[in-house]
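Below are the chains, spelled out letter by letter.
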Amino acid sequence: QVQLVESGGGSVQAGGSLRLSCAASGSTHNNYCLGWFRQAPEKEREGVAVICKDGRTGVADSVNGRFSISRDDAKNTLYLQMNSLKPEDTAMYYCAAKTAHSNQYDPDWLLTGYYGMDYWGKGTLVTISS
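Because the structure is a prediction, the values reported are computed rather than measured.

In this section: the pattern of salt bridges. This structure, assessed with the given rule, holds 7 salt bridges. Arg38 serves as the salt-bridge partner of Asp89, at 2.9 Å between the closest nitrogen and oxygen. Residue Asp89 is found in the loop between strand S8 (77–82) and strand S9 (91–99), and its partner Arg38 is found in strand S4 (residues 31–39); the two are separated by 51 residues along the sequence. For the pair formed by Asp89 and Arg38, the shared burial category is buried.

As structure tokens, then:
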């Protein structure tokens, strides 16, 4: 069992920055890939960024160059640094984990939903005003 708790959401003007954090607890040693997903009102959920234990990452084209994903396994924490925020970034942001005994998953496959994540947090709301 893995528990994920997001924090760091809030309201920011366009062009600003936020850093989201996700604290993981429980059986975290098999969390080979961790990621951020978001869902805006009336829209489907989309993958934002995924990072696996070996450092491989997958990033959505819509945020590439603006967002950066990182993880600190010693602290069991996942981060998403969001810069140059746009109104279209407004969404509920969810942290998710994929468990495995080895680095067998392609982060792009997780990002697009080809493979589903195993655990999800409850989300943190990000609102960007223009």
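Attention now goes to unusual backbone geometry. For Asn76, which is not glycine, the phi torsion reads 55° and is therefore positive. Tracing the backbone shows Asn76 in the loop between strand S7 (67–72) and S8. Non-glycine residue Ser84 carries a positive phi angle of around 50°. Looking at where Ser84 falls in the secondary structure, it is placed in the loop between S8 and S9.

This paragraph deals with the sheet that holds strand S3 (residues 18–26). Taken together, the 4 strands give an open sheet; going across it, the order is S1-S3-S8-S7, and neighbouring strands pair in antiparallel fashion. Each having just a single partner strand, strand S1 (2–7) and S7 make up the two edges of the open sheet. Pairs of neighbouring strands in the sheet enclose a mean axial angle of 15°, with direction left out of account. Sheet topology note: the S7/S8 ladder contains 6 bridges and is antiparallel.

On to the layout of surface pockets. Its volume calculated, the largest pocket comes out at about 150 Å³. Phe37, Arg45, Glu46, Gly47, Leu110, Leu111, Thr112, Gly113, Tyr115, Gly116, Met117 and Trp120 together form the lining of the largest pocket. Of all the secondary structure elements, the ones that give two or more residues to the lining of the largest pocket are strand S5 (46–52) and helix H1 (107–112). Per-element tally for the lining of the largest pocket: the top contributor is H1, with 3 residues. Here the lining of the largest pocket is composed, by residue class, of 6 nonpolar, 4 polar and 2 charged.

Cut-offs used in this document
- Residues numbered from 1 in each chain as written.
- Predicted model: local features only at pLDDT ≥ 70, side-chain atom pairs only at ≥ 80, totals over all residues.
- Heavy atoms only, no water.
- Salt bridge = Lys/Arg side-chain N within 4 Å of Asp/Glu carboxyl O.
- Helix = DSSP H or I, 4+ residues; strand = E, 2+ residues; numbered from the N terminus.
- Buried < 20%, exposed > 50% of the residue type's maximum accessible area, 1.4 Å probe, protein only.
- Pairing = 2+ DSSP bridges.
- Axes fitted to C-alpha atoms, helices over the stretch in contact; angles between N-to-C directions.
- 1 Å grid on protein atoms, 1.4 Å probe; cavity = no way out; pocket = protein on both sides within 12 Å on 5 of 7 lines; lining within 4 Å.
- Points joined across faces, edges and corners; volume = space filled by probe spheres on them.
- Nonpolar A, V, L, I, M, F, W, Y, C, P; charged D, E, K, R; others polar.

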